[in-house]
Every structure is written in structure tokens, then in C-alpha cells.
Amino acid sequence: MTAWAMAYVRRHSHALAKSRDLLDLTKPRIGVMVLLTVAAGVWLAGWGNASPLALLHALIGTALVAASGCTANAWLEQKSDARMRRTANRPLPAGRIASGEALVMCAATIVAGVGYLAWTLGTQTALLGLASWTIYALIYTPLKVCTIYNTAVGAVAGAMPVLIGWSAGGGRIDLMAGTLFLIIYLWQFPHFMAIAWIYRDDYAAGGLQMLPCVDPTGVRTGVQAVSAALMLLPITLIPALVYGYSLTYVLAALLLGGVYIAGSILFLVRRDDASARLLLRVSLVYLPLLLGTLVYMPLV
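Residues numbered from 1 in each chain as written. Predicted model: local features only at pLDDT ≥ 70, side-chain atom pairs only at ≥ 80, totals over all residues. Heavy atoms only, no water.

Novice: Explain the overall build of the protein chain to me, using residue names and the numbers behind them.
Specialist: Each helix and strand in the protein chain was counted, giving 13 helices and 0 strands. Ordering the α and β elements of the protein chain from the N terminus gives α-α-α-α-α-α-α-α-α-α-α-α-α. What you see for the protein chain is a C-alpha radius of gyration of 20 Å, in line with the 19 Å of a compact globule of 300 residues. Dimensions of the protein chain, computed from C-alpha atoms along their principal axes, come out at roughly 70 × 50 × 40 Å. (Helix = DSSP H or I, 4+ residues; strand = E, 2+ residues; numbered from the N terminus. Rg over C-alpha atoms; globule rule 2.2 N^0.38 Å.)

Novice: Explain the packing of aromatic side chains to me, and be specific about the residues and the numbers.
Specialist: Counted according to the given criterion, the structure contains 7 aromatic pairs. Joined through ring pairs, the aromatic side chains of Phe181, Tyr185 and Phe189 make up one cluster. A cation over a ring is seen here: Arg86 above Tyr199, with NZ or CZ 4.3 Å from the ring centre. We note Arg200 situated over the ring of Trp197; from NZ or CZ to the ring centre the distance is 3.9 Å. (Phe/Tyr/Trp six-rings, centres within 6.5 Å; stacked < 30°, edge-to-face > 60°. Lys NZ or Arg CZ within 6 Å of the ring centre and 35° of its normal.)

Novice: Give me the packing of helix H8 (residues 175-198) against helix H12 (residues 247-270): which residues, what numbers.
Specialist: Viewed as axis vectors pointing N to C, H8 and H12 meet at an angle of 35°, and their least axial separation amounts to 11 Å. Between H8 and H12 lies a crossing whose hand is left-handed. Counting all contacts with H8, which are made through Trp187, Pro190, His191, Met193 and Trp197, the residues of H12 involved are Tyr260, Ser264 and Phe267. Considered class by class, the residues forming the contact of H8 with H12 number 6 nonpolar, 2 polar and no charged. (Axes fitted to C-alpha atoms, helices over the stretch in contact; angles between N-to-C directions. Left-handed = near helix turned anticlockwise from the far one by under 90°. Contact = heavy atoms within 4.5 Å. Nonpolar A, V, L, I, M, F, W, Y, C, P; charged D, E, K, R; others polar.)

Novice: Account for the pattern of salt bridges, with residues named and values stated.
Specialist: Enumeration according to the criterion identifies 4 salt bridges in this entry. Salt-bridge contacts for Lys144 lead to Glu77; the nearest nitrogen and oxygen are separated by 2.9 Å. On the criterion of sequence distance, the pair formed by Lys144 in the loop between helix H6 (123-143) and helix H7 (150-168) and Glu77 in the loop between helix H3 (52-76) and helix H4 (78-82) is long-range, its members being 67 residues apart. Of the two residues examined, Lys144 and Glu77, each falls in the buried class. Taking the shortest distance from any N to any O, the salt bridge between Arg90 and Asp81 comes out at 3.5 Å. The exposure class assigned to Arg90 is partly exposed, which follows from its relative accessible area of 27%. Since its relative accessible area comes to 2%, Asp81 is described here as buried. (Salt bridge = Lys/Arg side-chain N within 4 Å of Asp/Glu carboxyl O. Buried < 20%, exposed > 50% of the residue type's maximum accessible area, 1.4 Å probe, protein only.)

Novice: Any details on a nonpolar patch on the surface? Residues and values, ideally.
Specialist: There is a patch of nonpolar side chains on the surface, built from Leu53, Leu56 and Ile60 and spanning about 260 Å² of accessible area. Tracing the sequence through the fold places Leu53 in helix H3. (Patch = residues over 30% accessible without salt bridge, like charges linked within 9 Å, V, L, I, M, F, W, Y side chains within 5 Å. Areas by Shrake-Rupley, 256 points an atom, 1.4 Å probe, with all protein chains shown as cover.)

Novice: Quick rundown of the side chain of Lys27? Include the residues and the values.
Specialist: Along the chain, the position of Lys27 falls in the loop between helix H1 (3-25) and helix H2 (28-45). The side chain of Lys27 is buried and forms no salt bridge, while Glu77, the nearest opposite charge, is found at 4.9 Å. Within the local environment of Lys27, its side chain forms a polar contact with the side chain of Asn73, the two groups lying 2.5 Å apart. For Lys27, the residues in contact, after removing those within four places along its chain, are Cys70, Asn73, Arg90 and Tyr136. (Lys, Arg positive; Asp, Glu negative; His and termini not counted. Polar contact = N/O pair within 3.5 Å; in protein donor to acceptor, adjacent residues only side chain to side chain.)

Novice: Please give an account of unusual backbone geometry that cites residues and values.
Specialist: In this model, Lys27 sits at a positive phi of 50°, which is unusual for a non-glycine residue. A positive phi angle, close to 50°, is found at Arg271, a residue other than glycine.

Novice: I'd like a description of the side chain of Ser167, backed by residues and values.
Specialist: With respect to the helices and strands, the residue Ser167 is situated in helix H7. Apart from the residues within four sequence positions on either side, Ser167 is in contact with Gln124, Thr125 and Leu128.

Novice: Would you mind going over the layout of surface pockets in detail, with residue names and values included?
Specialist: Considering only enclosed or pocket space, the second largest pocket measures out at about 160 Å³ in volume. Elements that contribute at least two residues to the lining of the second largest pocket include exactly H8, helix H9 (200-206) and helix H13 (273-296). It is H9 that contributes the most residues to the lining of the second largest pocket, 3 residues altogether. Per-class residue counts for the lining of the second largest pocket are 3 nonpolar, no polar and 6 charged. (1 Å grid on protein atoms, 1.4 Å probe; cavity = no way out; pocket = protein on both sides within 12 Å on 5 of 7 lines; lining within 4 Å. Points joined across faces, edges and corners; volume = space filled by probe spheres on them.)

Novice: Tell me what's going on with H2, and back it up with residues and numbers.
Specialist: An α-helical turn contains 3.6 residues, so a residue and the one three or four places further along point in the same direction. If you check H2, its first and last C-alpha atoms are 25 Å apart, about what 18 residues at 1.5 Å a residue would give, namely 26 Å. In the segment just after H2, Trp47 is the residue with positive phi, at about 50°. (Expected span 1.5 Å × (residues − 1).)

Novice: Just give me the short version of the state of the cysteines, but keep the residues and values in it.
Specialist: Under the defined criterion, the tally for this structure stands at 0 disulfides. Here Cys213 is not disulfide-linked; the sulfur of Cys146 is the nearest cysteine sulfur, at 14 Å. Owing to a relative accessible area of 27%, Cys213 belongs among the partly exposed residues under this scheme. (Disulfide = S-S within 2.5 Å.)

Shown next as C-alpha cells:
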């Protein structure tokens, strides 16, 4: 291989690695769940007659906003990430991405995301996107080092994408929109309690105030998971009680809710990593299936 070819390969490899690190800053796995809720919101706002173009605009704009929020989170938490084994090799603490580069990317994507939502879907949708970013990046993230109640705030940011989708689909903020918001909000507590329990030692090392860090027995953590799962079940029945969703939907919601409650109770009883990992897996299956039943189950 010639010197020129070797230099080209090195530059190409460096650019590819840099691109992967920049993508990693945006936490794409979180982005997938965010976009899932956005898509459900758009579809349900149109009662099955959603505009494909509105869906596309909502996904693009929200993806940019979510990428910015996750980048801001990574920038703010780079010191705590460096102290945690699970996150020490992330691009910022490992030094593969400079702090200034992350800030530029954060600013560019939030301006592009909010601007795109405003241009294509209107002011209300753009303001919801900006609100979700503000709560996640500027309120929830700093609270993680201050109080164990940060999860209650973070869950608001996590539930707002469904409202972005709802607004993008032309829906008014009404009972159905509030129901969707509460479903996503409550779903997050068993999900986050499982994660926080599994990585409790890492969070403690990073100085993050997660509930399991101050709850060595895990009782409070388990109770919070079970309480949220129990409250979630009747909320999921509102579409049937108020909007006439079919018996098939009711049975699916009851089955899924029962499994989520059972997983949370098992975690409360055992309070070990195995039951926490099981609850985490159940949570990751529960939400897509429930949203899928909302989208595809016919009305009476």
C-alpha cells in the first residue's frame, strides 16, 4: 500500500471513529424509545388517519431535540461519568470528544430541532420540544447530584415526546393526551428503579443521588416500582372507559399491566440484580406492546 493510500485509510478510519463517538453522545438507544412514543402520539392524535408527512416531520425534529438533550446530559455529567466504571469510556470522559465540540453539537441540534418543528409543525409543537429539552437538560440533569427525587422530574421530560407527537398530529391537549402522558410517566418508575438498582454502586461512585444509593435494603426502591405499576394499570383503561376502545384492548392492557405489576412485586420481594434485570426486560417489552395495542386495537 502506498503512503498516500495509508494516509487516506488513516483519515477515513479517524473520521469514522469520530462519527461513532458523536453518535454515541446522542444516546441512540434512548432516542429509539423517544421516537416510538412520538410516533404513537402522532398516530393516535389522528385516530388512525395520521399524516405521514406530519409523522416524518415530528420524528426528524424530535430526533434532533433528543440528540441535543442527551449531548447536554453527557457534557454536564462528564466528571461523574469518569468516576463510574459503566460510563468511563464514553467519548467525553475518555477524551475522544472535546468538551467544546460537544457544546457546539448540543447547540446546533437544539436550534435545528426546535426550528424544524416550528417551521414544519407550528409553534405549539416546537414549544413542547423546547420544554422537554429544558426539563431534561437544565433541570433533571443537575438535580441528579442534589436529590433522589430527580426521577420524578426526569420522568416529565421522558413523557413529553408523546405530547410532541400528539401536537404534531393535530390533536388538542385533552384527556386522551393527558392519559398518554401519564402512561409514559408512570411506566418510567419501575424501569428506572430497575436500572438504578443494577448500577447503584456506579451511581454512588459518580455522586449521583439515585434512590438505591440511599436505600441499601431496596425496600423503598421496590415499593416505588410497585406503586407506579399499580397506578399505571387503571390509567391504561381510560381509552376504553372514555373513548370506547374494544374489549380486546382492555384484555391486552390488563394482561400487560398484570405482568408489569408481577415483575415489580418480584423485584420488591427479592431485591437482587436478577429480579431487577427481569423487571428491566419486562419494562422494555411492556411499553411498545401497550402503545401497539393502542394504535392497532379497533374502536367499538
